[in-house]
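# A structural walkthrough
Next come the chains, spelled out residue by residue.
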Amino acid sequence: MALLSTFGLESFYGDFQALFGIDFEVESGEIAAIIGANGAGKSTFLKTVCGLLKAGPDKIVFDGQAIGGIAPGRIVQRGIAMVPEGRRLFASLSVEENLLMGACAKRSGAWDLDAIYALFPMLKDRSGSPATALSGGEQQMTAIGRALMSNPRLLICDELSLGLGPMIIKEIYAALPRICSEGMTAIVVEQDVSMAKQISSRLYCLQEGRVTLSGPSNQLTMEQISLAYFGV
Amino acid sequence: MADYLNTIVQGILLGGLYALFAMGQSLIFGVMRLTNTAHGDFIILAAFGAYSLVVLLGLPQAVAPWVALGILLPVGFATGYGLQRFVLNGTLGRDPLPSLVVTFGVAIVVQNLLQEVYTADPRSIESDGLNTASVALDGGLAVGTLPVIILSIAVAMAIAMQWLFDHTPLGRAFRAVSDDRDAAELMGLNYRHVYALATGFAFLLIVCAGTLYGMKTTVAPADGPALLLFSFEAVIIGGMGSFYGTLAGGIVLGVTQAIGFRFDPGWGIWVGHMVFLAILLVRPQGLLPKTR
């Protein structure tokens, strides 16, 4: 059974409609990737799932329960954690304090400070520094760690590679299978199509707020993807 | 020489009161970027609340104000929580105007309500002569007992609040919602509740300030706006975001006013405003702005 599904999901910024009937599904333990050009609605989709944008009550089903329109604070308590675009770390908090903020939802599980430091050892040395003093890669690790601290069942990552160098991107994506080996499900938005294909088992391509292609990542060809991506 | 020293000591003591006025303002502004224009009137409201309690309780004068303060602290916290949760939270957004207008309206309501109930006569909280008692120091100096108590409470409050902000989970939540409210919500934090707690704590400071102010001098229902002005000046002089800064700001304001008063009794407040303006020009970030 799918852990998260959306049915004809629509989303609006004021009067502007950004999503037009998105049908989406991710199975438990699977990594789904979402690709698409700028403005295709990828981030909007993630924000809507997390409750930052309004959604119809039964348009989003998580673990068999309708969660559309629920406040973001409640959604994280049910087990969906978000690594937001641009990381959004708390600037006046230290690295460790940022991680502890992730534990506000008070869900129990394997992820605690020690587990995060084991996953990203370089954070341990920087635990007392202000989050703003870190490099981009370290900040991204902190943001991932912060999301994991809520012990989610579904981890949502928005553009992990944004503004990072190729080496550090590799390092961060190398951590993803380790994170998911514990049975965690993930949705990843990624600009780099080949990276998206490589890490995911299911791929969705969005264009102008609609799904233009979806299927198992290893069965979709680059031609199909570029057709869906650019929509020519 | 002793004369000047005396002026400065009296100024520091006066500054303790201003710091106490300003810390609540500083907290509310720091956590939710809300400019509470009713701040001074809430202090006056607290002073009248303490005055009424002292009258109603009929306890000996020496203990009555402190008992009243003890009763008012939880009442104040609940009032602040409710005010934020059910009124002010609705005014917060990208636009700063709604919160300004609403707190301005609340200020008018509080002032007129007090006027209606207590008339415009100034009142004072009797404390069995504590307000006139003094301690003689070496070199012909004498300091008022109550001002010393007020300054000590202000210093203790600054330390306690700074500790709360720096070292507790609640303080972490205060800083996080102040940094990025949406991201804090994504962590499962209910910002409405966190904001309401912040205003609750600000009201603890307001209740202390009001009760002590009413013990030190006379209060009248229309005094609020002047206190608001002193609070603003102390917050800006000290720099946003740190309670020690606000404490320093209050003391700088107190000392400058005391020096002004020394030259001419009509100049004290004016010199305070001038120093405030000078600091705004020369060091707009304040004396001790948030360090990180």
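Going by the structure above, here's the rest.
Here we summarise the structure given alongside this text.

Thresholds applied
- Residues numbered from 1 in each chain as written.
- Chains lettered and ligands numbered in written order.
- Predicted model: local features only at pLDDT ≥ 70, side-chain atom pairs only at ≥ 80, totals over all residues.
- Axes fitted to C-alpha atoms, helices over the stretch in contact; angles between N-to-C directions.
- Helix = DSSP H or I, 4+ residues; strand = E, 2+ residues; numbered from the N terminus.
- Parallel < 35°, antiparallel > 145°, perpendicular 65-115°, else oblique.
- Contact = placed C-beta atoms within 7 Å.
- Nonpolar A, V, L, I, M, F, W, Y, C, P; charged D, E, K, R; others polar.
- Pairing = 2+ DSSP bridges.

This part takes up the packing of helix 1 (residues 2-32) of chain B against helix 9 (residues 224-238) of chain B. Residue and element names in this part refer to chain B. The geometry of helix 1 relative to helix 9 is characterised by a closest axis approach of 8 Å and an angle of 70° between their N-to-C directions. Here helix 9 runs roughly perpendicular to helix 1, going by the angle between their axes. Across the interface between the two elements, Y18, A19, F21, A22, Q25, S26 and F29 of helix 1 pack against L227, F230, S231, F232, A234 and V235 of helix 9. Looking at the contact of helix 1 with helix 9 residue by residue, the class counts come to ten nonpolar, three polar and no charged.

What follows covers the interface of chain A and chain B. Across the boundary between the two partners, chain A contributes 21 residues, which contact 14 residues of chain B. Counting residues per element, the ones that place at least two in the side of chain A that touches chain B are helix 2 (72-78) and helix 3 (95-102) of chain A. Of the residues that constitute the side of chain A that touches chain B, the class distribution is 14 nonpolar, five polar and two charged.

All names here are of chain A. Strand order in this open sheet of four strands is 2-1-4-5, and the pairing throughout is antiparallel. Edge positions in the sheet fall to strand 2 (16-27) and strand 5 (65-66), since each of these pairs with one other strand and no more. Relative to strand 2, strand 1 (residues 2-13) is paired through eight bridges, and the arrangement is antiparallel. Looking at the pairing, S11 lines up with L19 of strand 2. Contacting strand 1, strand 2 and strand 4 (60-62), helix 1 (residues 42-50) crosses the sheet at an angle of about 70° to strand 2.

The next point concerns the sheet that holds strand 8 (residues 185-189) of chain A. All names here are of chain A. Read from one edge of the open sheet, six strands run 6-7-8-3-9-10, paired in mixed fashion. Only two strands of the sheet have a single neighbouring strand rather than two, namely strand 6 (80-83) and strand 10 (210-216). Neighbouring strand axes in the sheet, compared pairwise and without regard to direction, differ in orientation by 15° on average. Where strand 7 (residues 154-158) and strand 8 come together, five bridges link them in parallel fashion. In the sheet register, D158 faces strand 8, and the bridge partner there is V189.

That's the geometry; what it means functionally is another story.
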